[in-house]
Amino acid sequence: DTSGTDCSDSMVPITPLRVVPIQRYRHSNNMSMELSYDMNVSRPNISVLDPYVDYTTPLQLTYGNTDLKPENTHTIDFTINQRIKRYTLITSLTYATTDRLILNYQYTDKSILHNTTGNIGKKNDLMLYNSLSGRLSRNVYARLMQSMSYVDYSAPKIDCKQHGWIYFVRGF
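Not measured: the values here are computed from a predicted model. (Residues numbered from 1 in each chain as written. Predicted model: local features only at pLDDT ≥ 70, side-chain atom pairs only at ≥ 80, totals over all residues. Heavy atoms only, no water.)

## Concerning the overall build of the protein chain
For step 1, the next point in the chain: The helix and strand tally for the protein chain stands at one helix and eight strands.
For step 2, the next point in the chain: When the helices and strands of the protein chain are listed from N to C terminus, the series reads β-β-α-β-β-β-β-β-β.
For step 3, the next point in the chain: Here the protein chain holds 172 residues, and 28% of them are scored as buried.
For step 4, the next point in the chain: In the protein chain, the share of contacts with a sequence separation of at least 24, taken over all contacts with a separation of at least 6, comes to 50%. (Helix = DSSP H or I, 4+ residues; strand = E, 2+ residues; numbered from the N terminus. Buried < 20%, exposed > 50% of the residue type's maximum accessible area, 1.4 Å probe, protein only. Contact = heavy atoms within 4.5 Å.)

In structure tokens, the structure reads:
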């Protein structure tokens, strides 16, 4: 029976909102710039929603959380695309923030360890991406990609905070 229950807080859009691009500017045939925004909704999967309580391990309970809300990620991206002779250089600066991040956590109540999930986290990500590609010769095509990110996670409910740099270089 749902009479008297306000379900408006649990209603979520069926598809993510995508507004791309906000602004596009073509400097010439060899250079363009784009500023874009994206909002993505990630719904919890069935395994983290499952309310079944697993009692199989003594002094430990494991269960899902039926009150989980979808994660929301907002992304702003600025990209420059340049053609330099027979090569293409793409540079992108992206900032993304996710609230209501779904995380696994544990707590103790009356000497019983509880394992569950909650919307207890937040994530901020700043990324710089570069890609250089083109033909080295008539039969040889190459691409070099580089990405550097600073990522910051926080979950105040469990007094947890992590941050750090991620870097990769790939070529083919």
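## Some details on the environment of Ser131
For step 1, the next point in the chain: Along the polypeptide, Ser131 turns up in strand β6 (residues 112–137).
For step 2, the next point in the chain: Between the alpha carbons of Ser131 and Gly171 there is a distance of 9.4 Å; along the sequence they are 40 residues apart.
For step 3, the next point in the chain: Apart from residues no more than four positions distant in its own chain, Ser131 is found in contact with Thr88, Leu89, Ile90, Arg143, Leu144 and Met145.

## Considering unusual backbone geometry
For step 1, the next point in the chain: One non-glycine residue, Lys110, lies in positive phi territory at about 55°.
For step 2, the next point in the chain: Mapped onto the elements of the fold, Lys110 is located in the loop between β5 (87–109) and β6.
For step 3, the next point in the chain: For Ser111, which is not glycine, the phi dihedral falls at a positive 65°.

## A word on the confidence of the model for the protein chain
For step 1, the next point in the chain: Across the protein chain, the average pLDDT comes to 87, with 87% of residues at 70 or higher.
For step 2, the next point in the chain: The least confident element of the protein chain, judged by mean pLDDT, is strand β1 (residues 18–28) at 66; the most confident is strand β3 (residues 60–62) at 96.
For step 3, the next point in the chain: Counted against residues more than four places away or in other chains, residues 1–16, with its pLDDT under 50, gives nine contacts. (pLDDT = per-residue confidence, 0-100.)

## Looking at a nonpolar patch on the surface
For step 1, the next point in the chain: On the surface, Leu35, Ile76, Phe78, Leu93, Tyr95 and Leu126 cluster together into a nonpolar patch covering about 500 Å² of accessible area.
For step 2, the next point in the chain: Sorting the residues of the nonpolar patch by element identifies β4 (71–84) and β5 as the ones contributing at least two each.
For step 3, the next point in the chain: With respect to the secondary-structure elements, Leu35 resides in strand β2 (residues 31–42).
For step 4, the next point in the chain: Looking at Leu35, the relative accessible area reads 31%, which means it is partly exposed. (Patch = residues over 30% accessible without salt bridge, like charges linked within 9 Å, V, L, I, M, F, W, Y side chains within 5 Å. Areas by Shrake-Rupley, 256 points an atom, 1.4 Å probe, with all protein chains shown as cover. Salt bridge = Lys/Arg side-chain N within 4 Å of Asp/Glu carboxyl O.)

## Some thoughts on the pairing of β6
For step 1, the next point in the chain: Summarising the sheet, β3 and β6 pair through three bridges and their orientation is parallel. Along β6, the bridge assignment pairs Gln60 with Leu113.
For step 2, the next point in the chain: Where β5 meets β6, 21 bridges bridge the pair, whose relative direction is antiparallel. Within β6, the residue paired with Leu103 across the bridge is Gly118.
For step 3, the next point in the chain: Counting the residues in the hairpin turn of β5 and β6 gives two residues, including Lys110, whose phi is positive at 55°.
For step 4, the next point in the chain: The antiparallel pairing of β6 with strand β7 (residues 140–155) creates a hairpin that spans two residues between the two strands. (Pairing = 2+ DSSP bridges.)

## Remarks on the side chain of Thr79
For step 1, the next point in the chain: By the element assignment, Thr79 lies in strand β4.
For step 2, the next point in the chain: A distance of 2.6 Å separates a polar atom in the side chain of Thr79 from a polar atom in the side chain of Asp77.
For step 3, the next point in the chain: Residues within four places of Thr79 in sequence aside, it is in contact with Ser32, Met33, Glu34, Ile90, Thr91 and Ser92. (Polar contact = N/O pair within 3.5 Å; in protein donor to acceptor, adjacent residues only side chain to side chain.)

## Looking at the environment of Gln60
For step 1, the next point in the chain: Its location among the elements puts Gln60 in strand β3.
For step 2, the next point in the chain: Since its relative accessible area comes to 24%, Gln60 is described here as partly exposed.
For step 3, the next point in the chain: Considering only alpha carbons, one finds Gln60 and Ser111, 51 residues apart in sequence, at a separation of 8.9 Å.

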